[in-house]
Amino acid sequence: MSEPKYPKCVKIESKPSDFCPGCGHSIVLKNLGFVIDELGISDKSVFVTDIGCSLLAWDYYNINSVQSHHGRGVSVSTGIKLAQPKKVVISYMGDGGGYAIGLHHLLHAAKRNEPLTVILVNNTVFAMTGGQAAPTTIIGEDTESTPEGQFVEGPIFGPNLIKQVADKKAFIARGSVDNIPQLKKYLKLAIENQINNNAFSFLEILSYCPTNWKTNTQKTFDFLDTLKRIYETGIVDDEKK
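Model, not experiment: these values are computed from the prediction. (Residues numbered from 1 in each chain as written. Predicted model: local features only at pLDDT ≥ 70, side-chain atom pairs only at ≥ 80, totals over all residues. Heavy atoms only, no water.)

Student: How would you explain the overall build of the protein if you had to name every residue and give the values?
Tutor: Looking only at helices and strands, the protein has eight helices and nine strands in total. Against the globule reference of 18 Å for 241 residues, the protein gives a C-alpha radius of gyration of 17 Å, in line with a compact fold. Taken over the C-alpha atoms alone, the protein extends approximately 50 × 50 × 30 Å along its principal axes. Pairs at least 24 apart in sequence give 68% of the contacts found in the protein among residues at least 6 apart. Within the structure as shown, the protein displays about 11300 Å² of accessible surface, and the carbon and sulfur contribution to it stands at 53%. (Helix = DSSP H or I, 4+ residues; strand = E, 2+ residues; numbered from the N terminus. Rg over C-alpha atoms; globule rule 2.2 N^0.38 Å. Contact = heavy atoms within 4.5 Å. Areas by Shrake-Rupley, 256 points an atom, 1.4 Å probe, with all protein chains shown as cover.)

Structural data, given as structure tokens:
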């Protein structure tokens, strides 16, 4: 049986994944690792993780890594980039950290056109704390804090909101863990935009969370399909502000 293929920058001496079975974070991180290798930037990158499930990625790569406080991943990344402008700074977070407590940091970094790459994994819940409703929870969705369904407010559409304030050079897109070619393409475009255009990049990624969705395999795939009908994937252009 052949050995599984890992990106060179991944620390394969540790266990393959610290995430729950079926979680989409591992898919995102594996493909991000491949992109880091392909671009040859592992020796000049800094990887910043937010509190939440995203923090489990802090020891995933054999590159410089920093763990921030909840919602402060973007602001910490900004400080690192200001101190070491030649570094490629990648800020990794969940929808709770990015769209709730950290939204103001995210919006102002986009407005200032900070040369960062922000990757936000959207699984529609605060996953690490038990599956409570998040800014991305869709109408009718059952969560630990909305057991009869979320009917108070609709979800936030982050990429479209960020586009309102972002510089024209910014790269803004949404991908999904079930479309690997597109996901990897967007990861690469986001980092290349930071490097080549000295500009802000933002990529939201729709992801599985069967533990907190309380779904089996088929229902997990079905729910992601539902999310993709609500959250349109693709690059956000000026005509879709």
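Picking up after the structure, the text goes on.
Student: Please provide a residue-by-residue account of the sheet that holds strand 4 (residues 117–122), values included.
Tutor: Spatially, the seven strands line up as an open sheet ordered 2-1-3-4-8-7-9, and their pairing is mixed. Looking at which strands have only one partner, the edges of the open sheet turn out to be strand 2 (64–67) and strand 9 (234–235). Of the strand pairs in this sheet, strand 4 and strand 8 (residues 201–206) are connected by six bridges, and their pairing is parallel. Looking at strand 8, one finds that N122 is bridged to L206. This element, helix 5 (residues 158–165), spans strand 7 (171–176) and strand 8 of the sheet and lies at about 175° to strand 7. (Pairing = 2+ DSSP bridges. Axes fitted to C-alpha atoms, helices over the stretch in contact; angles between N-to-C directions.)

Student: So what's going on with the environment of T137? Residues and values would help.
Tutor: Among the structural elements, T137 can be located in the loop between strand 6 (132–133) and helix 5. Leave out the neighbours within four places in its chain, and T137 touches T124, T143, Q150, G154 and P155. Within the local environment of T137, its side chain forms a polar contact with the backbone oxygen of T124, the two atoms lying 2.7 Å apart. Only 2.7 Å separates the side chain of T137 from the backbone nitrogen of A134, close enough to count as a polar contact. (Polar contact = N/O pair within 3.5 Å; in protein donor to acceptor, adjacent residues only side chain to side chain.)

Student: Describe the packing of helix 4 (residues 103–111) against helix 5, and please don't skip the residues or the numbers.
Tutor: Relative orientation and spacing of two packed helices are given, respectively, by the angle between their axes and the distance between those axes. Put simply, helix 4 and helix 5 touch, their axes get as near as 8 Å, and they point 45° apart. As summarised for this structure, helix 4 and helix 5 are arranged oblique, according to the angle between their axes. Classified by chirality, the crossing of helix 5 by helix 4 is right-handed. Two secondary-structure elements touch here, helix 4 through L103, L106, L107, A110 and K111 and helix 5 through L161, I162 and V165. (Parallel < 35°, antiparallel > 145°, perpendicular 65-115°, else oblique. Left-handed = near helix turned anticlockwise from the far one by under 90°.)

Student: Can you break down the nonpolar core residue by residue, with the values?
Tutor: L32, F47 and Y61 are the most contacted members of the largest nonpolar core, which totals 42 residues. Breaking this core down by element, the ones donating at least two residues are helix 1 (25–39), strand 3 (88–94), strand 4, strand 7, helix 6 (180–197), strand 8 and helix 8 (217–230). Setting aside residues up to four positions removed in sequence, F47 forms contacts with L29, L32, A57, Y61, I63, N64, S65, V66, I90 and Y92. In terms of nonpolar packing, the next biggest core, distinct from the first, is built from 22 residues, L103, A110, L116 and V236 among them. (Core = buried A, V, L, I, M, F, W, Y, C linked by side-chain atoms within 4.5 Å. Buried < 20%, exposed > 50% of the residue type's maximum accessible area, 1.4 Å probe, protein only.)

Student: Which residues make up the side chain of N123, and what values go with them?
Tutor: Relative to the helices and strands, N123 resides in the loop between strand 4 and strand 5 (125–126). By relative accessible area, which is 4% here, N123 ends up buried. The residues contacting N123, other than those within four sequence positions of it, are D95, S207, Y208, C209 and W213.

Student: Could you give an account of the packing of helix 1 against helix 6, naming the residues involved and the relevant values?
Tutor: Closest axis-to-axis distance for the helix 1/helix 6 pair is 9 Å, and the angle between their directions is 50°. Between helix 1 and helix 6, the crossing angle belongs to the class labelled oblique. For the crossing formed where helix 1 meets helix 6, the hand is right-handed. Residues I27, V28, N31, L32, F34, V35, E38 and L39 of helix 1 lie in contact with helix 6, whose contacting residues are I180, L183, K184, L187, K188, I191 and E192. In the contact of helix 1 with helix 6, the residues fall into 10 nonpolar, one polar and four charged. (Nonpolar A, V, L, I, M, F, W, Y, C, P; charged D, E, K, R; others polar.)

Student: Now, about helix 6: what can you tell me, with residues and values included?
Tutor: With 18 residues, helix 6 extends 25 Å from end C-alpha to end C-alpha; this agrees with the ideal 26 Å at 1.5 Å per step. Of all the positions in helix 6, only Q182, L183, Y186, L187, A190, I191, N193 and Q194 are classed as buried. Along the axis of helix 6, the buried positions cluster into a sector of 160°, meaning they face one direction only. Helix 6 presents P181, K185 and N196 as exposed residues on the side facing more than 90 degrees away from its buried surface. The opening residue of helix 6 is N179, an N-cap whose side-chain oxygen sits 3.2 Å from the backbone nitrogen of Q182. Just beyond helix 6, the residue with positive phi is N198, at close to 50°. (Expected span 1.5 Å × (residues − 1). Arc of directions from axis to C-beta.)

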